[in-house]
Amino acid sequence: MEEIRYIEIVAQYQDMVYRIALHDCRNSHDAEDIMQTVFMKLYQKNPEFDSQEHLKHWLVHVTVNECKRLIASPWKKRMEFVQEKEKKEQGQAGAEGYERIREKELLEQIFRLPRKYRVPIYLYYYEEYSVADIGDMLGKSPSTIQTWLSRARKKLKKLLEEVKYYE
Amino acid sequence: MNEEFPKKIYQKACGHLTPSSGAVKEVYKMTKPKKYPRLKRKAFAGAAAAVVLTCSLSVGVLAASDTDVRQLAGEAAQQIAMVFKNLTVDKEASTPYETVLHAEDGTQITVVHEYGEDGEYYVTLVYHEDSGRLGLNIGDTEIDITDQLRENGIYTQDYTFEGQERRLTVTGTPEEPQLETEILVK
């Protein structure tokens, strides 16, 4: 793959790949490892893409597969995202705005959702893919994705009510 | 159905989720190792001490001129664009042989490209403004020829490029040198 093209793709999609991986494994170090693996595969395999969407689908698909591989690995460090973030944020309490605190609280609760819901949530509400596209990328039917999203919303609502998020 | 999900807050929250610069650096370095074009940095007079430019890639927003950088400069300048923000290409000063870039802090960066089909860029001169010294580069080696050129007004040296014996001649002054090369016929 031409280096210029590779650099362009990385610059454009590094965040997306990282975020998908982070939603799945909930650990920034693992997410970065996965990101590196995905782009290494991209560079080495140099697949042909019909369109930009095709490339994006490929990246999502490979990222999800790499997450599965990592989760299945017995050597995976099971460090929770929430704990890791709390350590980093010690001493920063009070320094951030109200909105930022709300954002973090929301993410924390989303990351408490069952694993199978988290990546569809990201793909639907952030990348704004349709349920059909998400199903295609994850190898599931659109109705399954629809059901997952619905259940995720209900569960999230309960979690947010528990922490009094809406008060 | 969707109004129950705090989409806007979630989108803002996700916007803050980014990989570390170290991790991204590793991704950019994943390409096959190549011989990089030589990089010459000339500091403006009065600038701070010279910064050594290595492959210290960092994540940053590529400057608005990065399209120019990519088109004119090749991979080394692309990597420079990742280190320096707001890098602009000096199209007037640039040639097919070297690309001149200006960084936001006033630093001028010159990227020397490949050696040329006939080795015409294998030998180059670099005047270091901060020290007032003239360097003669033969391949990857730089020799300070300032004193010899000032004393004699001329500097010559034989060298080999791709198995061919050649001679270089430098005339003029360290501030305004002229370089000529010729193939030695045996």
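As the structure is a prediction and not an experimental result, all values here were calculated from the model.

Chemist: Explain the interface of chain A and chain B here, please?
Modeler: Size of an interface: often given as the accessible area lost when the parts come together. In this assembly, 38 residues from chain A lie in contact with 32 residues from chain B. Of the roughly 3,500 Å² buried between chain A and chain B, counting both surfaces, carbon and sulfur atoms make up 65%. Our count for the contact surface shared by chain A and chain B stands at two salt bridges. As a salt-bridge pair, K12(B) and E99(A) come within 3.3 Å of each other at their nearest N and O atoms. If you list the elements that add at least two residues to the side of chain A that touches chain B, you get helix 1 (3-25), helix 2 (28-45), helix 5 (98-110), helix 6 (115-125) and helix 8 (142-162) of chain A.

Chemist: How should I be thinking about the pairing of strand 8 (residues 154-161) of chain B in this particular structure?
Modeler: Two faces belong to every sheet, and in a regular strand the side chains alternate between them. Residues and elements named next belong to chain B. Across eight bridges, the pairing between strand 8 and strand 9 (residues 164-172) is antiparallel. Bridge pairing links D158 to R167 in strand 9. The hairpin turn running from strand 8 into strand 9, its antiparallel successor, is two residues long, and E162 in that turn takes a positive phi close to 50°.

Chemist: Would you take a moment to explain the sheet that holds strand 7 (residues 141-144) of chain B for this structure?
Modeler: Sheet strands pair via backbone hydrogen bonds, and the direction of the pair is either parallel or antiparallel. Residue and element names in this part refer to chain B. Here three strands make up an open sheet; going across it, the order is 5-6-7 and the pairing antiparallel. Edge positions in the open sheet fall to strand 5 (123-128) and strand 7, since each of these has one partner strand only. Between one strand axis and the next, the sheet turns by 30° as a mean value, whatever way the strands run. Across four bridges, the pairing between strand 6 (residues 133-138) and strand 7 is antiparallel. Bridge pairing links G135 to D144 in strand 7.

Chemist: Can you help me understand the confidence of the model for chain B in this one?
Modeler: Caution is warranted with low-pLDDT regions, since their predicted coordinates should not be read in detail. All names here are of chain B. The share of residues in chain B with pLDDT of 70 or more is 54%, and the mean pLDDT across the chain is 68. Ranking the elements of chain B by mean pLDDT puts strand 1 (residues 39-42) last, at 40, and helix 1 (residues 7-15) first, at 94. Predicted confidence is poor over residues 34-74, with pLDDT under 50, and the contacts of this stretch with residues over four places away or in other chains come to 94 contacts. Scoring the predicted complex yields pTM 0.54 and, for the interface, ipTM 0.87.

Chemist: Can you help me understand the packing of aromatic side chains in this one?
Modeler: Each pair of aromatic rings is reported with the distance of its centres and the angle of its planes. One pass over the full model with this rule turns up six aromatic pairs over all chains. Here F49(A) and W58(A) contribute two aromatic rings whose centre-to-centre distance is 5.9 Å and whose plane-to-plane angle is 70°, an arrangement assigned as edge-to-face. The interplanar angle of 80° and the centroid separation of 5.4 Å between the aromatic rings of F5(B) and Y10(B) together place this pair among those described as edge-to-face. Classification of F5(B) by relative accessible area gives buried; the value is 4%. Using a relative accessible area of 0% as the deciding quantity, one classes Y10(B) as buried. Three or more aromatic residues joined by ring pairs form one cluster here, namely Y124(A), Y125(A), F5(B) and Y10(B). Lying over the aromatic face of Y165(A), R102(A) brings its terminal NZ or CZ to 4.0 Å of the ring centre.

Procedures and definitions
- Residues numbered from 1 in each chain as written.
- Chains lettered and ligands numbered in written order.
- Predicted model: local features only at pLDDT ≥ 70, side-chain atom pairs only at ≥ 80, totals over all residues.
- Heavy atoms only, no water.
- Contact = heavy atoms within 4.5 Å.
- Buried area = accessible area lost by both parts, 1.4 Å probe.
- Salt bridge = Lys/Arg side-chain N within 4 Å of Asp/Glu carboxyl O.
- Helix = DSSP H or I, 4+ residues; strand = E, 2+ residues; numbered from the N terminus.
- Pairing = 2+ DSSP bridges.
- Axes fitted to C-alpha atoms, helices over the stretch in contact; angles between N-to-C directions.
- pLDDT = per-residue confidence, 0-100.
- Phe/Tyr/Trp six-rings, centres within 6.5 Å; stacked < 30°, edge-to-face > 60°.
- Buried < 20%, exposed > 50% of the residue type's maximum accessible area, 1.4 Å probe, protein only.
- Lys NZ or Arg CZ within 6 Å of the ring centre and 35° of its normal.

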